[in-house]
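Results of the structural survey
Okay, here's what each chain looks like letter by letter:
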Amino acid sequence: MQEPEPGDVDFDAALLLQGPFPTSPGSPCDIHFMDDRRVLLCEKKAMRDRGALERWAEKYPLNLNRIMLAEGVARDVSPPASVPAPFSPIERRTMQDQTLPGILLSELRAQPPLVHCITNFVAMNIAANVLLAAGASPAMVHAEEEAGEFAAIAGALTINIGTLSSSWLRGMEAAALAASQSGKPWVLDPVAHYATLFRRAAVDRLLELGPTVIRGNASEIIALAGGESRGQGVDSRDEVEQAEESARLLARTHGATVAVTGVVDFVTDGERTARIEGGSPLMPQVTALGCSLTCLVGAFTAIRPAAPFEATVAALATFAVAGEMAASRADGPGSFSPAFLDALAALDAPLLDRHARVRSA
Amino acid sequence: MQEPEPGDVDFDAALLLQGPFPTSPGSPCDIHFMDDRRVLLCEKKAMRDRGALERWAEKYPLNLNRIMLAEGVARDVSPPASVPAPFSPIERRTMQDQTLPGILLSELRAQPPLVHCITNFVAMNIAANVLLAAGASPAMVHAEEEAGEFAAIAGALTINIGTLSSSWLRGMEAAALAASQSGKPWVLDPVAHYATLFRRAAVDRLLELGPTVIRGNASEIIALAGGESRGQGVDSRDEVEQAEESARLLARTHGATVAVTGVVDFVTDGERTARIEGGSPLMPQVTALGCSLTCLVGAFTAIRPAAPFEATVAALATFAVAGEMAASRADGPGSFSPAFLDALAALDAPLLDRHARVRSA
Amino acid sequence: MQEPEPGDVDFDAALLLQGPFPTSPGSPCDIHFMDDRRVLLCEKKAMRDRGALERWAEKYPLNLNRIMLAEGVARDVSPPASVPAPFSPIERRTMQDQTLPGILLSELRAQPPLVHCITNFVAMNIAANVLLAAGASPAMVHAEEEAGEFAAIAGALTINIGTLSSSWLRGMEAAALAASQSGKPWVLDPVAHYATLFRRAAVDRLLELGPTVIRGNASEIIALAGGESRGQGVDSRDEVEQAEESARLLARTHGATVAVTGVVDFVTDGERTARIEGGSPLMPQVTALGCSLTCLVGAFTAIRPAAPFEATVAALATFAVAGEMAASRADGPGSFSPAFLDALAALDAPLLDRHARVRSA
């Protein structure tokens with residue numbers, strides 16, 4: 001990664017390509033960071049040889065994102081402190097061997113798992129569409145009369161307390177109990193559990209039923225481990241980095257895999273840790289994507305019930321790569337959603353493994 | 001329809017147009033089937049005369065879909081066994097005279113029916129948008145305190161048990177009873193009724209209230225008629241063809257019109273039968289489209305309460321043509337949804353009658 | 001505004017630009033009204049000098065909407081009676097000084113308010129996305145066990161009875177009471193309250209808890225003030241103009257700001273009145289946009305709890321400008337939704353103030 005120097009590049013005429021493209025030796029231009037995204041800055045003469053650029057882009061399909069004149073914004077180019085440096089090819093390969101997101105995605109597509117989701121009213125539709133696009137078979141079943149019976153036949157269960165009520169809580173408890181008793185993995189998403197007494201009590205009862213994975217934002221994970229979060233509504237007001245110790249503590253206390261999602265995700269089972277980079281700043285502007293990710297974690301744990309850490313990492317990597325692909329095609333949070341589902345459906349194992357950015361933390 | 005022979009077409013340079021275009025005598029190219037969609041394959045020299053192609057496409061607006069180089073995939077071109085041959089113009093005209101989808105759509109637009117939908121949380125939004133795009137006026141009302149009162153003033157009622165609970169079931173029963181008593185048609189969508197005891201009992205009670213139409217996927221219809229379905233979650237694991245006898249039996253037992261939807265839909269009132277072709281393989285990848293179709297069937301039965309068979313066929317044909325139009329504009333399941341609503345809103349009687357593919361089975 | 005005369009313009013070759021562009025002295029063409037939208041009609045010779053047109057369009061970014069051949073439709077061009085004449089620059093500036101939509105939007109972005117929404121199942125997702133795109137932080141919380149506790153910590157509360165039930169009504173009452181007691185503004189959206197006894201009784205109880213703002217369509221506002229509306233389902237069958245007196249009466253009776261939304265919105269606090277122009281005929285074809293607007297009104301009242309009239313006008317102006325921007329990019333109701341969220345997110349104070357069309361009524 002190079003930092004552009006004044007005079008280094010004729011910025012007014014620079015060409016800007018955004019997207020999750022690799023640091024390729026054949027690239028005719030330099031790659032920099034801008035606004036949390038990789039950006040290709042090309043000098044004026046590279047622009048004139050647009051053919052070479054396009055030939056290079058053709059070799060890396062994900063680069064076919066957006067070609068536009070930089071229009072002076074290049075002046076701000078510098079790697080922001082919060083964005084980790086990209087992994088070297090060697091480091092990346094090691095991580096992929098360890099977590100195998102591509103292999104898990106292939107298995108999920110070959111044998112679509114039935115995923116029992118008890119989620120909130122906001123997330124219902126987008127979460128089901130995320131599971132379908134990824135290749136899984138979602139089912140939304142919440143009534144206490146049937147939630148336990150259904151959890152036992154599903155491949156995995158996910159519980160999200162976003163729009164909680166007493167009757168739904170009874171269904172959640174019946175389902176979590178049945179999942180635990182039949183050895184099925186289940187994922188807990190403790191949405192804004194710190195906000196009210198009712199929520200805190202509900203999450204305490206659900207935690208006792210032994211979730212396999214807990215996924216939340218930084219504020220939720222900090223508060224769940226007994227720390228002082230700045231959370232108030234459903235949006236996180238803390239950074240992932242601040243929640244890492246809480247996540248480790250929580251994982252050890254409950255024998256669970258814990259995922260803290262944000263700009264760079266963090267996953268731990270108490271011993272091992274991983275960070276997953278990717279996604280897009282547009283994602284927090286789209287409601288219920290975190291809830292949908294919880295359901296996707298469920299789908300991957302159904303594929304590898306005995307390896308929830310690896311399954312969680314694979315789900316997060318899938319989400320991050322699809323998010324990165326979608327961001328390069330979106331004009332805002334509205335067009336991001338359909339582009340994200342398209343990207344998830346278009347993703348396959350080789351694409352995922354080529355673009356996933358996972359490393360042990 | 002012609003099968004391309006090796007050497008017949010210069011595939012590497014073939015031009016590919018996808019979409020629901022008619023078999024037109026003026027077409028400068030041959031029409032084949034590929035992946036369940038009609039595909040236009042043009043020889044290299046037709047490509048050179050792109051002007052002629054574009055003039056032809058202008059005459060058939062639905063053809064303005066996608067023009068792309070075939071890039072070698074043309075090698076796989078052959079009509080898949082699962083896709084029925086297209087109807088001859090004469091056969092098609094006969095069917096249209098019988099079922100009149102265009103006339104019903106025109107009447108629906110001229111006098112938008114109020115459609116009372118009790119559907120699941122996943123389908124709520126997309127189903128309401130489907131009804132609005134088609135021209136109807138949806139209302140989602142489920143509480144037992146008011147569902148009966150509302151059903152009596154609506155033009156039709158639809159009931160879908162996707163995210164069932166005891167209190168909703170009471171609302172459904174009140175609504176179905178009121179609809180029956182006031183002579184309003186009502187449609188039952190028995191989502192995954194085979195999955196739990198609670199669901200099976202609920203559907204038994206609803207069936208006793210005499211639905212006018214029952215719409216389900218193959219697994220649901222087979223199980224509802226007492227057969228052995230392979231269903232588990234909400235997605236069908238059986239083919240429409242395997243459910244035809246079950247549908248006939250169910251129609252006769254309950255005096256209802258029964259629709260089995262899938263790759264090619266099947267409708268019967270116990271005596272008459274129809275098959276509706278169209279749609280897109282993307283549709284099962286979008287959640288709740290089947291549930292939305294149930295609501296659309298309700299809208300059409302409100303237009304023709306005394307002719308539920310014809311109304312159901314018209315609703316299914318409308319859905320199939322809009323799906324075909326949308327698929328040609330979509331890059332995946334995410335972009336399919338907005339394209340589908342756009343297509344539904346853009347559809348009018350002449351377009352519908354020109355592209356509907358309905359035949360007696 | 002000029003009315004085209006026969007022979008005035010060579011229509012067959014006219015160029016059509018749609019969008020919320022200003023009446024600019026530099027425009028190379030004439031601006032007319034068509035179908036409730038401003039349309040630029042250019043003579044054939046302007047088309048030939050397309051470069052001049054594009055330079056002009058570049059100066060006004062909102063104009064970069066759609067450039068297409070008019071294809072004969074220009075024959076219908078004439079200002080429809082229902083579209084008020086555009087405001088003069090002076091009149092517009094006066095209104096903006098009074099209501100300051102841009103300033104409120106800036107404040108909302110700088111300090112995202114937590115908005116507690118109790119809304120219906122259809123609106124849940126799109127309403128949350130509208131709030132996020134506008135810059136606010138939505139939270140959907142409805143259970144009676146926690147709705148009161150949560151309303152007290154939120155910046156504002158919104159209540160929508162679209163998919164009402166007894167248990168939700170208890171949550172609504174608890175939340176409205178807590179909001180009133182803690183001095184938080186709250187907004188009531190009495191969806192189809194005239195349709196059933198259950199709804200009418202529910203709205204009577206909620207009205208007693210003193211809503212800060214009431215937002216509805218014309219049929220709802222007329223019926224709420226005791227008048228004879230033509231409403232039946234959830235869609236309005238009356239015009240905004242017919243509801244103005246009802247709105248004034250309702251505002252005075254309840255000490256509330258009342259907003260009637262439709263083709264041209266009307267807002268009153270009993271004394272002052274404002275009309276807000278904009279939006280798109282596509283908006284009533286998209287479900288739950290009115291419900292989402294209710295939530296956005298809540299977000300703006302959280303910014304200015306002591307000035308609900310100004311806050312409501314600002315929210316409606318924001319919605320109208322974003323709707324106008326989105327319509328120029330949409331092909332129908334399906335593509336309108338993502339375009340609308342993109343437009344909301346892209347909107348800033350200068351754009352809003354330049355394009356908002358607000359005037360005292």
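Preceding this paragraph is the structure being described.
Residues numbered from 1 in each chain as written. Chains lettered and ligands numbered in written order. Predicted model: local features only at pLDDT ≥ 70, side-chain atom pairs only at ≥ 80, totals over all residues. Heavy atoms only, no water.

**Describing the packing of helix α12 (residues 308-327) of chain B against helix α13 (residues 333-346) of chain B**
All names here are of chain B. Contact geometry of α12 with α13 gives a least axis separation of 8 Å together with a crossing angle of 125 degrees. Viewed along their axes, α12 and α13 adopt a mutual orientation that is oblique. Two packed elements cross with a definite hand, and for α12 against α13 that hand is right-handed. In contact with T318, F319, A322, G323, M325, A326 and A327 of α12, α13 contributes F336, A339, F340, A343 and L344. Of the residues belonging to the contact of α12 with α13, the class tally is ten nonpolar, two polar and no charged. (Axes fitted to C-alpha atoms, helices over the stretch in contact; angles between N-to-C directions. Helix = DSSP H or I, 4+ residues; strand = E, 2+ residues; numbered from the N terminus. Parallel < 35°, antiparallel > 145°, perpendicular 65-115°, else oblique. Left-handed = near helix turned anticlockwise from the far one by under 90°. Contact = heavy atoms within 4.5 Å. Nonpolar A, V, L, I, M, F, W, Y, C, P; charged D, E, K, R; others polar.)

**Observations concerning the relation of the copies chain B and chain C**
Both copies of the chain are related through a single rotation about an axis accompanied by a shift along the same axis. With an RMSD of 0.0 Å, chain B superimposes on chain C once it is rotated by 120 degrees and translated 0.0 Å along the axis. Considering both components of the superposition, the chain copies are consistent with a three-fold axis. No C-alpha of chain B approaches the rotation axis more nearly than that of F121(B), which lies at 3.8 Å. Of the residues that chain B buries at the interface, just 4% are likewise interface residues in chain C, meaning the two copies contact each other through different surfaces. (Least-squares fit on C-alpha atoms with pLDDT ≥ 70 in both.)

**Some remarks on unusual backbone geometry**
With phi around 45 degrees, A192(A) is a residue other than glycine that occupies positive phi space. Relative to the helices and strands, A192(A) resides in the loop between β8 (186-189) and α8 (197-207). Look at A192(A) and you get buried, because its relative accessible area is 2%. Positive phi, normally seen in glycine, also occurs at A288(B), with a value near 70 degrees. With respect to the secondary-structure elements, A288(B) resides in the loop between β12 (273-277) and α11 (289-303). On the accessibility criterion, A288(B) (10% relative accessible area) is buried. (Buried < 20%, exposed > 50% of the residue type's maximum accessible area, 1.4 Å probe, protein only.)

**Regarding the pattern of salt bridges**
Taken as a whole and judged by the stated rule, the model has 36 salt bridges over all chains. Note that R199(A) and E146(C) form a salt bridge whose closest N and O atoms lie 2.7 Å from each other. Linking R199(A) in helix α8 with E146(C) in the loop between β6 (137-140) and α6 (147-153), this pair reaches from one chain into another. Classification of E146(C) by relative accessible area gives buried; the value is 0%. Residue R230(B) pairs with D238(B) through a salt bridge whose shortest N-O separation is 3.5 Å. It is possible to trace a salt-bridge network through shared partners that takes in D269(A), R272(A) and E310(A). (Salt bridge = Lys/Arg side-chain N within 4 Å of Asp/Glu carboxyl O.)

**Let's talk about the interface of chain B and chain C**
Between chain B and chain C, the contact holds 25 residues from the first and 26 residues from the second. Taken as a group, L132(B), E146(B) and D342(B) account for 24% of the area that chain B buries against chain C, more than any other trio of residues on that side. Between chain B and chain C we count nine residue pairs in polar contact (both at pLDDT 80 or more) in total. At the level of elements, α5 (124-134), β6 (137-140), α6 (147-153) and α13 of chain B are the ones that each hand at least two residues to the side of chain B that touches chain C. Ranked by the residues each element gives to the side of chain B that touches chain C, the list is headed by α5(B), at six residues. Taken together, the residues that form the side of chain B that touches chain C break down as 17 nonpolar, four polar and four charged. (Buried area = accessible area lost by both parts, 1.4 Å probe. Polar contact = N/O pair within 3.5 Å; in protein donor to acceptor, adjacent residues only side chain to side chain.)

**Here we look at the sheet that holds strand β13 (residues 357-359) of chain A**
All names here are of chain A. Across the sheet, nine strands lie side by side as β6-β5-β7-β8-β9-β10-β11-β12-β13; this open sheet has mixed pairing. The sheet terminates laterally at β6 (137-140) and β13, the two strands that pair on one side only. Ignoring which end each strand starts from, the neighbouring axes of this sheet average 20 degrees apart. Relative to strand β9 (residues 213-216), β8 is paired through two bridges, and the arrangement is parallel. Considered in β9, the bridge of V187 is made with V213. Contacts from helix α10 (residues 244-254) reach β9, β10 (257-260), β11 (265-268) and β12 (273-277), with the element oriented near 25 degrees to β11. (Pairing = 2+ DSSP bridges.)

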